[in-house]
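Tertiary structure, described
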Amino acid sequence: MVDINKLVRPNILNLQPYSSARSEFRGKEGIFLDANENPFGSLNRYPDPFQTELKEKIAGVKECHSRNIVIGNGSDEIIDLTFRVFCDPGKDKAMIFSPSYGMYRVAADINNTGVVDIPLDKDFQIDPEKTKPYLDRPDLKLIIVCSPNNPTGNSMDRETVTFLLDNFRGIVIVDEAYNDFSQEPSWLNRIEQYNNLVVIQTFSKAWGLAAARLGMAFACEEIVALFNKVKPPYNISSINQQAALEALQDSGKKNRAVALLISEKERLVKALSSVDRVKKIYPSRANFLLIEVDNADFLYRELVNEGIITRNRHREIANCLRVTVGTPEENEMLINTITKLQ
Ligand SMILES: Cc1ncc(COP(=O)(O)O)c(C=O)c1O
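Now for a quick tour of the structure.

Conventions we followed
- Residues numbered from 1 in each chain as written.
- Predicted model: local features only at pLDDT ≥ 70, side-chain atom pairs only at ≥ 80, totals over all residues.
- Heavy atoms only, no water.
- Axes fitted to C-alpha atoms, helices over the stretch in contact; angles between N-to-C directions.
- Helix = DSSP H or I, 4+ residues; strand = E, 2+ residues; numbered from the N terminus.
- Parallel < 35°, antiparallel > 145°, perpendicular 65-115°, else oblique.
- Left-handed = near helix turned anticlockwise from the far one by under 90°.
- Contact = heavy atoms within 4.5 Å.
- Nonpolar A, V, L, I, M, F, W, Y, C, P; charged D, E, K, R; others polar.
- Pairing = 2+ DSSP bridges.

**Some details on the packing of helix 5 (residues 75-86) against helix 6 (residues 103-110)**
Relative orientation and spacing of two packed helices are given, respectively, by the angle between their axes and the distance between those axes. The N-to-C vectors of helix 5 and helix 6 enclose an angle of 40°; their axes lie 9 Å apart at closest approach. When the axes of helix 5 and helix 6 are compared, the pair comes out oblique. Helix 6 is crossed by helix 5, and the crossing has right-handed handedness. Within the contact between the two elements, helix 5 uses Asp76, Ile79 and Phe83 and helix 6 uses Met103, Tyr104, Ala107 and Ala108. When the residues that make up the contact of helix 5 with helix 6 are grouped by side-chain class, the tally is six nonpolar, no polar and one charged.

So, in structure tokens, the structure goes:
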């Protein structure tokens, strides 16, 4: 077990957190004269700062304990919170693996945290050998693994993730934003074994709630308590908590969307494989495809002119576009347009 307290920034360890009205009195019944709210209206009350009902529902769906859950304003908030809790600005470092989700570096930069950036190998996997020289450094506080990885689409080798968990005494984040599409086991059932593991998931992808900004972290109770100490008290609005509760009522809807998007992804792979300008389609465990084309800048602009917006990743991976799987009609449009532009 890792001594979590030893990893925490001293000012956070000593922090006296804000105590909100709704955390001091948790009951739902009564005459509420404690939070300087307006007594009139339907959205006039502050939301539950600890999202108790939502966490219980999530715990049911994910088969874990609600006490191991933190909800963030998108998983971006969870990523930022992890830096704020564990990385002393100007002193500590985080390890990331490129190319990956751009917010990791931005969050590090915002928190004035140095980055050890290890390039992924030719199969977009982590080379454990390259991490070894850093794992014992006391200023390395955080390792962020994205699996399935954005923008490459592959899942990270499970042995390598286990190697990092077994050999690093800091915090390991496994960002599983795309896990629902991967049909692979989540790392979240390993939080009991590894108290330094933080698994991040989101309602933005498979659950179709990107507008509601809801991210989830699963971790040991000690880490959950630290996140709760540092997060803004009312970080998830009542409207957004309600949106998630409604989505969770019907997991079947999410599962059907995931199944359709996976089959549409396979259809896209087949159709795009016969397009001359598409040089390579990388295997994907997510809801997007990374495709190498003859000239990514040029094709990107041509598609925009036809009203189809993809993500140009040429600066990170030569001549690659990242294409999200859309509705069957949208995918049909993409296939027809790319074929027409040949
Ligand atoms: C790997 C990864 N993590 C996190 C996020 C952010 O998710 P959220 O909408 O929950 O902030 C994204 C968004 O694209 C992502 O690709």
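**Some words on the sheet that holds strand 7 (residues 215-218)**
One open sheet accounts for seven strands, arranged 1-7-6-5-4-2-3; its pairing is mixed. Only two strands of the sheet have a single partner each, and these edge strands are strand 1 (69-72) and strand 3 (114-119). Direction aside, the axes of adjacent strands within the sheet are offset by 25° on average. By the bridge criterion, four bridges tie strand 5 (residues 171-175) to strand 6 (residues 197-202) in an arrangement that is parallel. Note on strand 6: the bridge partner recorded for valine 172 is leucine 197. Its contacts with the sheet place helix 4 (residues 52-62) against strand 1, strand 6 and strand 7, and it is angled at close to 120° to strand 1. Packed on one face of the sheet, helix 10 (residues 221-230) meets strand 1, strand 5, strand 6 and strand 7 and runs near 30° to strand 1.

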